[in-house]
There are 4 protein chains.
Amino acid sequence: MIERVRVAVAGVGNNTSALVQGIALYRQTGNLVGIRKPVIDGLGVGDIDFVAAFATSEEKLGKDLTEAVFLPPNNFPRLDCDLPPAGVPVTRGLVDESEVDRVAAALAGAEVLLYAAPSGRPRTALAYAEAARRAGVAFINTTADPVARDPESLARFEAAGLPLVGDDLASQFGTSVVHDALLRLLAERGMTLVSSYQVNLGGTEDFRNLVENPNTKKQSKLNALSGAGRVELAPLGYLPHLGSHKVAHLNIEAQGWGGTAVSLDVKLKVHDPSGAAGVNIDLIRLAASALRGGRGGYLTEASPLLKSVPGSAV
Amino acid sequence: MIERVRVAVAGVGNNTSALVQGIALYRQTGNLVGIRKPVIDGLGVGDIDFVAAFATSEEKLGKDLTEAVFLPPNNFPRLDCDLPPAGVPVTRGLVDESEVDRVAAALAGAEVLLYAAPSGRPRTALAYAEAARRAGVAFINTTADPVARDPESLARFEAAGLPLVGDDLASQFGTSVVHDALLRLLAERGMTLVSSYQVNLGGTEDFRNLVENPNTKKQSKLNALSGAGRVELAPLGYLPHLGSHKVAHLNIEAQGWGGTAVSLDVKLKVHDPSGAAGVNIDLIRLAASALRGGRGGYLTEASPLLKSVPGSAV
Amino acid sequence: MIERVRVAVAGVGNNTSALVQGIALYRQTGNLVGIRKPVIDGLGVGDIDFVAAFATSEEKLGKDLTEAVFLPPNNFPRLDCDLPPAGVPVTRGLVDESEVDRVAAALAGAEVLLYAAPSGRPRTALAYAEAARRAGVAFINTTADPVARDPESLARFEAAGLPLVGDDLASQFGTSVVHDALLRLLAERGMTLVSSYQVNLGGTEDFRNLVENPNTKKQSKLNALSGAGRVELAPLGYLPHLGSHKVAHLNIEAQGWGGTAVSLDVKLKVHDPSGAAGVNIDLIRLAASALRGGRGGYLTEASPLLKSVPGSAV
Amino acid sequence: MIERVRVAVAGVGNNTSALVQGIALYRQTGNLVGIRKPVIDGLGVGDIDFVAAFATSEEKLGKDLTEAVFLPPNNFPRLDCDLPPAGVPVTRGLVDESEVDRVAAALAGAEVLLYAAPSGRPRTALAYAEAARRAGVAFINTTADPVARDPESLARFEAAGLPLVGDDLASQFGTSVVHDALLRLLAERGMTLVSSYQVNLGGTEDFRNLVENPNTKKQSKLNALSGAGRVELAPLGYLPHLGSHKVAHLNIEAQGWGGTAVSLDVKLKVHDPSGAAGVNIDLIRLAASALRGGRGGYLTEASPLLKSVPGSAV
């Protein structure tokens, strides 16, 4: 029997809640619902143990990870399963570089550090990566802040023979995936794109952060879509009552044979944190497998699950 | 300069209207809007001349093809272009096998016969194919009636060294294309399909025929979709005010990570005859190119544009 | 404190399930969610006791009403409340007129008989009404079969001084209500209706019956809408996976100032049996109050809750 | 035959384009499409002549009104009608109070001044009103800037016996009208509102102004809706490709009987300037009729067509 992956998480938000609960649910039911890869390099969905958790919110500190994931502003729903205590108290996360050694010490015994804090704190992201490197732990950056795209960090992980995965996870099933699939379908079938728009609405704390600082993300979203120049993004809408749901309205206007009109309207509703957890479960297994196999540096097999790989624009 | 393809059409309904007008529009504007393949084996979209047209409606007989395409019950809109007379009067089409030689004689000079009559008259379809064979003309069956799937017909075309293309064209951009693309996308991303439905509404004479005789088409539609067993089709709705529009409402309910809900609602609105013409323009060029190159029998390069190829269920 | 209304039900389908469970839920929570009238003539939502229940399905006979409501083909969901046994075993319902006296005897002690069987059995409806009359019980006909519109039945109830309410309840919130409100809004604002359609999809046994026998209902639906002549109904679609949900897709195309286009697309999703129960709770209280006050015959105060009142077409 | 109303317009944007063209279209066709009131106090839709027009854009100055309405950034479409020159050159509009007398002089012969400039310039609005008053002309304020709500202005119009209509016209058929109608319908039927959102997208210059200065308008929109506290507005989205279209996505989540879910999704697409013109045509006739009848001050009969009447919050 394979040894479970020992994972530390930095950030105890909705995405961590979805990950922690989803693994527990899978262990209880064995049900592969919503799972892209049942097994990666011998590692199943349930083969993950949490061994450390970092957060900055006072309310979460000291609580068991399985309890902290339900504290506000987290609003991912409670899944229908027992959630036995992880035996992992949430400890104080990094605020500045002076704390790298403290965190590195707390990572003793971990194989992978999943960095799942909000985007927008590039120095914190780099500091966590450095702590992972010092502790001999693989690092996954799920945020839009550059870590794998930071040449210095990447070089250090390569030198240390430690896996570095990032940056910015691509949701398992979200607006970009659907919008891009439809735009590509139109092009394949010879339709001529006239115009298209995308409206994104959400109710999580992450979404609120994006609304207040939309620019980087907006460009990154446009880059992810075909049909450049004809696709417009409406401003993100933070609507608290949506909770952890994300709702997107897409419209595509095109022309077919003889210039006749083709129109497509789509409403998509998903739980945003589920789209992250469904990718994180794969990134963790890829990173652990590489670490155990002695492969360091960037893992190209992770690229389809990421938005910004090393070398792409920062 | 390449010689234009000489095409005869059997059936002067909406699909023929869209084809005839779209070619004229393209010739005037050179605009490649809605066109999948600008050139196939050297043949452009404008490199098609109509040389004969068959219909059964008394009103259309004797009229120039470019005039007949606007007569009721046709309701495809008049495109914004001049439509110079084709110099091709609509002649009486086949009703029974005794007329095969008459039609064969009328096909003299044609290279391709596009069979674009309503589905549901299998003997008529076979008789037109036989007329084409006798006249040394390639045959395209755009209907759901079996011709390429008729082993005897296929053998005759092979023996004669004449191309035979069919059966049942797949719309360039219609409900099945979109629904199937979304169902496959869900599966690729690891989503678990819970249920899905498809509602199709239309206002053409073809659509009315389908509504009155839905069974074959319904099965064929379900076969075209992934997610077998979880997709339900609502009965087709003939709504005259839609004219030549087709409207589809699709719903997909799925589960992602942790069993959380994923829901997709789509409205698609297209001109049905445009979806046929955009494929017929390719089938004609494939058939003409094969005929000129001396290749007979079924043309495998046409398969992506067809719903039912030789060997599939009748 | 007011005496509770003693109600008998004929038909133990989804609508009865919704009614029985909803009353229990209200009693536990006191929550007025989804309730149009908290109190009618002193009677609250919880002031109803079931005292008899009739059904024809062998599986339901002998079971307590609160157990029978969950047996297939019923598929209304189990609400989140305790459902204490009603102490009312389901007894064999009427099949022909010879059983009227047996049913009348079983109605002893009841004040109101709610006739909630499937539509399409007019003689059964009349026979239940006659049993109610003989037992001195008020009668509510929730089906499209004519009872209040049957002059003879109405005369008998008037003569007996017993309330008769019917026919065919108007859903508390369903497709017709929304579609008609929007069509009236357009007219009030001076918009010119061009076309409109309505697609109804459902997954209950009642819906399956309608699909198989759509004609009467279709006309009744069209009558309920403004914009006569410009509204088209797609055929009803029975989609089992919808369970007790009803889904409607509405489209309205209109013209505003200068003839410019106005378009409205609506998707409505409800639980069909809830729409019935939310009206039945009012009809029961109106009928009981009239009975107790000694008023017989048709109750005009029920008209807004009904589709077909006495005098309207059968 | 009634004397035509002599109207001056301040602002030659999309709303004026829609008004000028729609009147010409009506005169040619007599078609009452999209018209709420064919006749008001004897005045028909065609009984309006433009006698003066003010604008600030250099490109429009000196052009005939019927030519200026098509200049960018105006993007309301050209309606399908002849548009004979009005014989009214666009003249320089007010920029500050020093120009009131010049404008008043230019209003000689007019009966009504329609103030149709962009919102957000309260002093300009008041100055135009003052010019109208000095010229003895009725004033209509279609913007959100306070004029009828300005007690001093109102008092002056009352004293002068001149009609004053405002502020902020309610679109003939727009998002607020539809959203509010549905929220009221839910309440009438006893549904319990859980949450609702509204997304507004548009492509006009007016819309761009709103996007850049959303606050006042947002509050005004919320005030216009029932269901206070449960309705959320997404940020306005300026999407240039929409041109003069406005698109709204509405969602309403509610609970019916037994707390079961009710959900409504609506997409509305209209031409924004048509919604303004369809109301302006009525306000002009109300103002002219009052002026001719010697009634001054605020006209209460205009209230249903306005968002903010005298006395409401500024």
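(A) Highlighting the overall build of chain A. Looking only at helices and strands, chain A has 9 helices and 14 strands in total. Dimensions of chain A, computed from C-alpha atoms along their principal axes, come out at roughly 65 × 40 × 40 Å. Pairs at least 24 residues apart make up 80% of the contacts formed inside chain A by residues separated by at least 6 positions.

(B) A look at the relation of the copies chain C and chain D. Mapping chain C onto chain D leaves a residual RMSD of 0.0 Å; the transformation is a rotation of 180° accompanied by 0.0 Å of translation along its axis. Taken together, the rotation angle and the small translation identify this as a two-fold axis. When C-alpha distances to the rotation axis are compared across chain C, the minimum falls at C:V266, with a value of 2.2 Å. Most of the interface of chain C is mirrored in chain D, where 100% of its interface residues are also at the interface.

(C) Looking closely at the relation of the copies chain A and chain B. It takes a turn of 180° to lay chain A on chain B, together with a shift of 0.0 Å along the axis; the resulting RMSD is 0.0 Å. When the interface residues of chain A are mapped onto chain B, 100% of them are again interface residues, pointing to one common binding face.

(D) Layout of the arrangement of the chains. Regarding chain A and chain C, the two do not touch, and the least distance separating their C-alpha atoms is 10 Å. Nowhere do chain B and chain D come into contact; their C-alpha atoms are at least 10 Å apart.

(E) Seen up close, the domain arrangement of chain A. Residue and element names in this part refer to chain A. Domain parsing of chain A yields domain 1 (5-170 + 274-305) and domain 2 (175-271). For domain 1 and domain 2, the distance between their C-alpha centres works out to 28 Å. Across the boundary between the two partners, domain 1 contributes 11 residues, which contact 13 residues of domain 2. Considering only residue class, the side of domain 1 that touches domain 2 consists of 5 nonpolar, 6 polar and no charged.

(F) Quick peek at the interface of chain A and chain B. Contacts between the two partners involve 38 residues from chain A, matched on the other side by 38 residues from chain B. Listed by contribution, the elements that provide at least two residues to the side of chain A that touches chain B are α1 (14-29), α6 (175-188), β13 (261-271) and α9 (272-292) of chain A. The element best represented in the side of chain A that touches chain B is β13(A), accounting for 10 residues. Considered class by class, the residues forming the side of chain A that touches chain B number 17 nonpolar, 16 polar and 5 charged. In this sheet, strand β13 (residues 261-271) of chain B lies alongside β13(A) in antiparallel orientation, the contact comprising 7 bridges. Counted as the bridge partner of A:L264 is B:L268 from β13(B).

(G) Local environment of the environment of B:V33. Residue and element names in this part refer to chain B. Examined against the element boundaries, V33 turns out to sit in the loop between α1 (14-29) and β2 (39-40). Residue classification places V33 among the partly exposed positions, given that 19 C-beta atoms sit within 10 Å. Note: C-alpha distance between V33 and G278 (245 residues apart in sequence) is 11 Å.

(H) The interface of chain C and chain D, seen in detail. On the chain D side, the residues contacting the 38 residues of chain C number 38 residues. For the side of chain C that touches chain D, the elements supplying multiple residues, two or more each, are α1 (14-29), α6 (175-188), β13 (261-271) and α9 (272-293) of chain C. For the side of chain C that touches chain D, the element with the most residues is β13(C), which contributes 10 residues.

(I) Local environment of the sheet that holds strand β14 (residues 297-298) of chain A. Residues and elements named next belong to chain A. The sheet built from 7 strands is open, its strands ordered β5-β4-β1-β6-β7-β8-β14 with parallel pairing. Each end of this open sheet is capped by a strand with a single partner; those strands are β5 (90-92) and β14. As defined by bridge partners, strand β4 (residues 48-55) adjoins β5 across 3 bridges and the pair is classed as parallel. Bridged to A55 within β5 is R92. Taken strand by strand, α9 contacts β1 (5-10), β4, β6 (112-115), β7 (138-141) and β8 (163-165), and its axis lies near 155° from that of β7.

(J) Expanded view of the sheet that holds strand β6 (residues 112-115) of chain C. Residues and elements named next belong to chain C. With respect to topology, 7 strands assemble into an open sheet ordered β5-β4-β1-β6-β7-β8-β14, the strand pairing being parallel. The open sheet terminates on both sides in strands that have one partner only, identified here as β5 (90-92) and β14 (297-298). Where strand β8 (residues 163-165) meets β14, 2 bridges bridge the pair, whose relative direction is parallel. Across the sheet, residue L164 finds its bridge partner in β14, namely Y298.

(K) Main features of helix α7 (residues 205-212) of chain D. For α7(D), every residue scored as buried is listed here: D:D206, D:F207 and D:L210. The buried residues of α7(D) occupy an angular sector of 95° when projected down its axis, which confines them to one face.

Reading guide: rules and limits
- Residues numbered from 1 in each chain as written.
- Chains lettered and ligands numbered in written order.
- Predicted model: local features only at pLDDT ≥ 70, side-chain atom pairs only at ≥ 80, totals over all residues.
- Helix = DSSP H or I, 4+ residues; strand = E, 2+ residues; numbered from the N terminus.
- Contact = placed C-beta atoms within 7 Å.
- Least-squares fit on C-alpha atoms with pLDDT ≥ 70 in both.
- Domains from an automatic or database assignment.
- Nonpolar A, V, L, I, M, F, W, Y, C, P; charged D, E, K, R; others polar.
- Pairing = 2+ DSSP bridges.
- Buried ≥ 20, exposed ≤ 12 C-beta atoms within 10 Å, placed from the backbone.
- Axes fitted to C-alpha atoms, helices over the stretch in contact; angles between N-to-C directions.
- Arc of directions from axis to C-beta.

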